[in-house]
Amino acid sequence: MDDCPYRTGEALKMPGTSLLSARSSRWAAMFRRGSALSALLVAAVVLQGAAHAEQQKHHRRWGMEARPGRDGYAAVPFADSYAARRQAYLEYTLSHGGGAGVMGGAVRVAAGLPFDETMWEGCLEEINARRDCADFSLHRVLRLLYTAGDSPLLGGTARKQAREAVLGFKYWPEEPGTDSMCTWSENHYVLFASGAYLAAQLYPDEMFTNSGKTGRERMSVFRDRIMRWLHLRYQTGFSEWCSNVYYEEDLTALLNLVDFCRDEELRQRARMVTDLLVADMALNSFRGSFCGTQGRTYEHHKKWADNEDTGPAFKVLFGTNRYHPDAKAATCLALSTQYRLPRVLYSIANDTGRPEMINRQRCGIRLADAGKYGLQYDRLEDGMLFFALEAYAHPKTIGLTVRMLDAYHWWENEFFESFARQRTLIEAANQLQILPLAVWFERRDVQRNQRDEVNIHTCRTPDYMLSTAQDYKHGFGGDQQHVWQAALGPGAVCFTTHPVSGSQDAPNYWTGSGTLPRAAQVKNVAMAVYRISDTAGLHIKSKPLMFTHAWLPKDQFDEIAERRNWVFARRGDGYLALWSRQPWHWQTEEGEDKDREIIAPGRENVWICELGRKETDGEFAAFINRIDQARISGEGLEIAYESPSQGLLEFGWDGPFRQRGETVNLADYPRFDNPYAKADFPAGGITFEHNGDTLQLDWDTLRRDANAWCE
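Read on for an overview of the structure. (Residues numbered from 1 in each chain as written. Predicted model: local features only at pLDDT ≥ 70, side-chain atom pairs only at ≥ 80, totals over all residues. Heavy atoms only, no water.)

Digging into the pairing of strand β10 (residues 518-522)
Of all 5 residues in β10, 5 are buried, a share of seventy percent or more. Burial of the side chains of β10 extends over both faces: R518, A520 and V522 are buried on one face and A519 and Q521 on the other. In terms of strand pairing, β10 meets strand β11 (residues 525-531) through 5 bridges, oriented antiparallel. The partner of A520 across the bridge, within β11, is M527. (Buried < 20%, exposed > 50% of the residue type's maximum accessible area, 1.4 Å probe, protein only. Helix = DSSP H or I, 4+ residues; strand = E, 2+ residues; numbered from the N terminus. Pairing = 2+ DSSP bridges.)

Next up, the structure:
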């Protein structure tokens with residue numbers, strides 16, 4: 001611990017504590033028993049259930065008074081100083097539950113207060129039992145061990161218990177033992193790999209009892225794994241793009257590396273990827289709400305801005321959103337001694353006066369391009385990176401998936417229960433080399449959570465934001481992808497999905513989609529075309545619901561008006577118009593969705609959303625009249641809309657998206673293309689500029705230069 005860059009209690013003088021209920025995450029498997037025929041596809045189907053959500057927070061309307069133990073929502077920065085925002089979170093933690101959670105415990109120790117050993121009983125139990133999401137708990141424990149150093153504030157019994165848990169943990173599926181942890185999604189990959197590296201660095205000469213190797217022997221292996229993950233994220237962005245759930249986990253892993261890794265190259269690369277993740281948040285948020293298109297999110301996170309897992313980190317970074325006690329990323333940011341926030345990223349997030357900001361960016365990779373990034377379809381080590389893209393069921397990777405089941409004893413993993421039931425048939429089909437053909441025929445169902453390359457279009461003005469995943473996997477099933485969303489304020493949001501019946505976590509009635517739409521956006525107008533699959537699949541066995549629906553909560557807007565197939569909404573000086581080709585009606589049954597859900601029956605439908613604002617469109621009544629008088633033509637899935645702001649827009653299930661007769665490009669976007677940054681895909685050098693502030697990143701030279709930092 002002599003080299004630890006953090007010292008207990010420095011510059012923290014914060015009195016007061018109260019109890020904090022620790023938040024926990026839950027993974028849910030969504031597997032169904034299949035027929036002998038479906039056994040050929042079960043390798044693809046079973047992994048669709050790898051989804052977990054933190055859904056224990058309550059819904060709050062923006063503008064409500066803060067309730068006991070809850071922070072007030074800030075739509076504009078509550079403090080310009082980064083130091084003040086960090087200090088505010090530390091003080092908030094201590095006064096609103098700093099005595100219960102492990103992250104709160106880290107704050108207590110940093111403040112010179114003793115750590116209550118009962119704080120981490122739940123965390124240590126998860127780690128020792130190797131429960132799913134134990135890696136979340138591992139990073140809480142590692143931060144406390146590193147920050148506490150040899151402080152007497154962390155008692156000897158607590159230190160001994162934590163040491164034994166860390167040394168006995170299973171850090172990678174190749175290690176001995178069977179379990180039902182998910183180690184393979186993008187966020188879990190880096191959590192496990194960085195956790196293993198930091199544990200090995202902490203105990204270099206100790207024997208890790210599960211692997212039978214010392215920490216020093218393990219460090220180089222996990223260093224290579226971290227470096228490959230970091231390199232892909234830098235070059236191509238996040239496959240779980242702009243996730244207001246999983247960026248919380250990525251930030252935690254990255255900031256623990258930044259603070260505690262003693263390998264300066266690895267630390268610097270972690271800083272650079274942290275910058276790019278923060279840039280994603282800054283570019284695709286509206287007044288503190290991380291509310292655009294997302295690779296993975298859940299019902300309550302996209303409905304309610306103050307329910308986002310990234311909200312506390314947002315408030316530390318940018319001064320907006322709401323604090324929650326015991327938030328991992330916010331605690332890491334508040335306590336970090338090694339990460340400095342470039343001022344340009346703060347100013348981009350809060351550049352709310354710009355009349356219009358268009359951000360176009362590309363994230364993720366095409367499976368066909370895997371070789372460009374050094375990935376091989378038959379290499380076991382690369383299998384984990386393919387799984388980080390959730391590419392279990394691609395014809396090129398399905399054989400590798402079966403090999404991983406054997407090599408990692410995943411036949412016994414609960415996530416692969418359906419595999420085990422049909423193991424004989426799966427292995428026979430694999431021997432006959434017909435699994436690739438089978439998954440190709442059923443690709444729209446069994447590849448529903450594969451995170452393919454995505455092209456994002458985000459338009460932000462002072463009064464609204466609209467964001468869309470352009471022409472993304474239309475007709476495929478979707479598990480947790482969020483294709484488009486409009487926001488006029490935290491809680492004042494609108495989006496559409498094709499709902500799924502049943503109680504599974506994803507997809508369900510609001511999370512993900514039974515069938516993904518073909519969606520496209522140009523500036524302030526988005527169009528979403530739906531053609532619902534009319535047969536039950538291998539993954540979702542329930543009969544498809546033959547309607548699409550929109551979330552448009554009346555109580556979050558100042559005015560609502562209806563004309564023919566249009567519904568109009570105003571929040572402040574921002575306007576929204578939503579049109580459905582199919583006749584629609586409001587949900588009237590008691591419950592959260594009453595007067596917030598719009599239902600449009602029909603297997604096929606087209607939705608149009610156009611946004612406006614008083615500054616450019618005049619009064620709300622004038623906006624309504626212009627939109628209502630706009631000509632809409634076309635039949636079935638073809639649509640031609642004479643947008644008052646964007647001119648003639650033509651779109652459909654197939655064919656190009658046209659604006660005034662010219663084709664609009666929906667693919668092959670740059671890594672970044674916005675007023676602040678231009679960068680090729682895959683990225684080499686990336687520079688952000690705004691108001692005289694700059695951040696320059698270059699992977700090859702390890703350059704990370706900012707002309708100003710948030711202080």
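Regarding the packing of helix α10 (residues 264-283) against helix α12 (residues 311-318)
Where α10 meets α12, the axes come as close as 12 Å, and the angle between the chain directions of the two elements is 95°. Relative to α12, the element α10 lies roughly perpendicular. Together, V278, M281 and A282 of α10 and F314, L317 and F318 of α12 make up the contact between the two elements. Its residues assigned to classes, the contact of α10 with α12 shows 6 nonpolar, no polar and no charged. (Axes fitted to C-alpha atoms, helices over the stretch in contact; angles between N-to-C directions. Parallel < 35°, antiparallel > 145°, perpendicular 65-115°, else oblique. Contact = heavy atoms within 4.5 Å. Nonpolar A, V, L, I, M, F, W, Y, C, P; charged D, E, K, R; others polar.)

Overview of the side chain of R143
Mapped onto the elements of the fold, R143 is located in helix α5 (residues 134-148). A residue is classified by how much of its surface remains accessible, and R143, at 0% relative accessible area, is buried. Of the polar contacts made by the side chain of R143, one reaches the side chain of D259; its length is 2.8 Å. Excluding anything up to four places from it in sequence, R143 contacts M103, L255, N256, D259, F260, C332 and L335. (Polar contact = N/O pair within 3.5 Å; in protein donor to acceptor, adjacent residues only side chain to side chain.)

Considerations on the pattern of salt bridges
Per the counting criterion, the structure on display carries 59 salt bridges. Measuring nitrogen to oxygen at the nearest pair gives 3.1 Å for the salt bridge that ties E264 to R271. The residue R570 makes a salt bridge to E559 at a minimum N-O spacing of 2.7 Å. Here E559 lies in strand β13 (residues 559-563) and R570 lies in strand β14 (residues 566-571), a separation of 11 residues in the sequence. One network of salt bridges, in which partners are shared, links R362, R366, D369, K372, E453 and D668. (Salt bridge = Lys/Arg side-chain N within 4 Å of Asp/Glu carboxyl O.)

Side note on the pairing of β11
Consecutive side chains along a regular strand alternate between the two faces of the sheet. Counting buried residues along β11, 6 of its 7 residues qualify, which places the element largely inside the surrounding structure. Counting the residues in the hairpin turn of β10 and β11 gives 2 residues, including K523, whose phi is positive at 50°. As defined by bridge partners, β11 adjoins strand β18 (residues 604-613) across 7 bridges and the pair is classed as antiparallel. If you follow A526 over to β18, its bridge partner there is C609.

Concerning the side chain of S336
Topologically, S336 is positioned in the loop between α13 (328-335) and α14 (343-349). Reaching out from S336, the side chain makes a polar contact with the backbone nitrogen of Y339 at a distance of 3.0 Å.

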